[in-house]
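# Examination of the molecular architecture
Residue strings, one per chain:
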Amino acid sequence: QVQLVQSGPELKRPGASVKISCKTSGYTFSSYFIHWLRQAPGQGLEWMGMVNPSGGGTSYALNFQGRVTMTRDKAATTVYMELASLRSEDTAVYFCSREVYGVGGSRRFDPWGQGTRVKVSS
Amino acid sequence: LVLTQSPATLSFFPGERATLSCRASQDISSPSLAWYQHRPGQAPKLLIYYTSTRATGIPDRFTGTGSGTDFTLIIDRLEPDDSAVYYCQQFQNSVTFGGGTRVEIK
């Protein structure tokens, strides 16, 4: 079955960077975009950007441009999200998800990784 | 493109019906609207895509409707396991989510 398994929790100091992995399995890695999202405590879901595993192309949300980098390793069928210059407001649970593009132009995120908790604290 | 969900919280007894609203700041085409269920500590789960198509394994107690700027998720015969936050999402213009509606089962 399709699975996305993320790396474990992280504790970082302000100003540091964090790199989270999303290991995929159960489908053709290059055929589906992978998106990254996050949920800060008490907040809703926020889209961060996406990576095309086939060619490596990316698209980032304006809020994160200049601070986020999304990459992939085709051999490992793994996608990575690195967020730099961390601040306390980046404390959140980070999710990866596969975009499915279907009949009639329908789009959805399915499935999602289990989430990675990142805490930014001095 | 902003999605506004209302109300923020709903509370029901088991067996009742919940009606969740998602309003967009501009028109959204039907293929571009999805709904997710998010239980605490778990990954969000796809419920509905293409406005009204249930995802694999989703029971017919969950119904999505709507068009243009107004979309609705209806949950019939509520069960305790339906306690969660429900999000609408649009792909019409980039990707955004509504603020969520929390459904509590008494």
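Data block above holds the structure.
Model, not experiment: these values are computed from the prediction. (Residues numbered from 1 in each chain as written. Chains lettered and ligands numbered in written order. Predicted model: local features only at pLDDT ≥ 70, side-chain atom pairs only at ≥ 80, totals over all residues. Heavy atoms only, no water.)

## Looking at the pattern of salt bridges
Here the idea is simple: oppositely charged side chains can pair when their charged atoms come close. Under the defined criterion, the tally for this structure stands at 12 salt bridges over all chains. Ionic pairing is found between arginine 67 of chain A and aspartate 90 of chain A, a salt bridge with its closest N-O pair at 2.7 Å. Of this pair, arginine 67 of chain A sits in the loop between β6 (58–60) and β7 (68–73) while aspartate 90 of chain A is found in the loop between β8 (78–83) and β9 (92–101), placing the two residues 23 residues apart along the sequence. For the pair arginine 67 of chain A and aspartate 90 of chain A, one class covers both residues: buried. With its nearest N and O atoms 3.6 Å apart, the salt bridge here joins aspartate 60 of chain B to arginine 77 of chain B. With aspartate 60 of chain B in the loop between β6 (53–54) and β7 (62–75) and arginine 77 of chain B in the loop between β7 and β8 (84–90), the pair connects residues that are 17 residues apart, well separated along the chain. The exposure class assigned to arginine 77 of chain B is partly exposed, which follows from its relative accessible area of 46%. What emerges from the salt-bridge pattern is a single network uniting Arg38, Glu46, Arg67 and Asp90 of chain A. (Salt bridge = Lys/Arg side-chain N within 4 Å of Asp/Glu carboxyl O. Helix = DSSP H or I, 4+ residues; strand = E, 2+ residues; numbered from the N terminus. Buried < 20%, exposed > 50% of the residue type's maximum accessible area, 1.4 Å probe, protein only.)

## Points about the packing of aromatic side chains
Tallied over the full model, the rule gives seven aromatic pairs over all chains. Between the aromatic rings of tryptophan 112 of chain A and tyrosine 36 of chain B, the centroid separation amounts to 5.5 Å while the plane-to-plane angle is 75 degrees, which identifies the pairing as edge-to-face. Highlighted residues: tryptophan 112 of chain A in strand β10 (residues 107–112) and tyrosine 36 of chain B in strand β4 (residues 33–38), drawn from two different chains. Here a set of aromatic residues connected by ring pairs shows up, and it is made of Phe95, Phe109 and Trp112 of chain A together with Tyr36, Phe91 and Phe97 of chain B. The ring of tyrosine 80 of chain A has lysine 19 of chain A lying over it, and the distance from NZ or CZ to the ring centre is 5.0 Å. (Phe/Tyr/Trp six-rings, centres within 6.5 Å; stacked < 30°, edge-to-face > 60°. Lys NZ or Arg CZ within 6 Å of the ring centre and 35° of its normal.)

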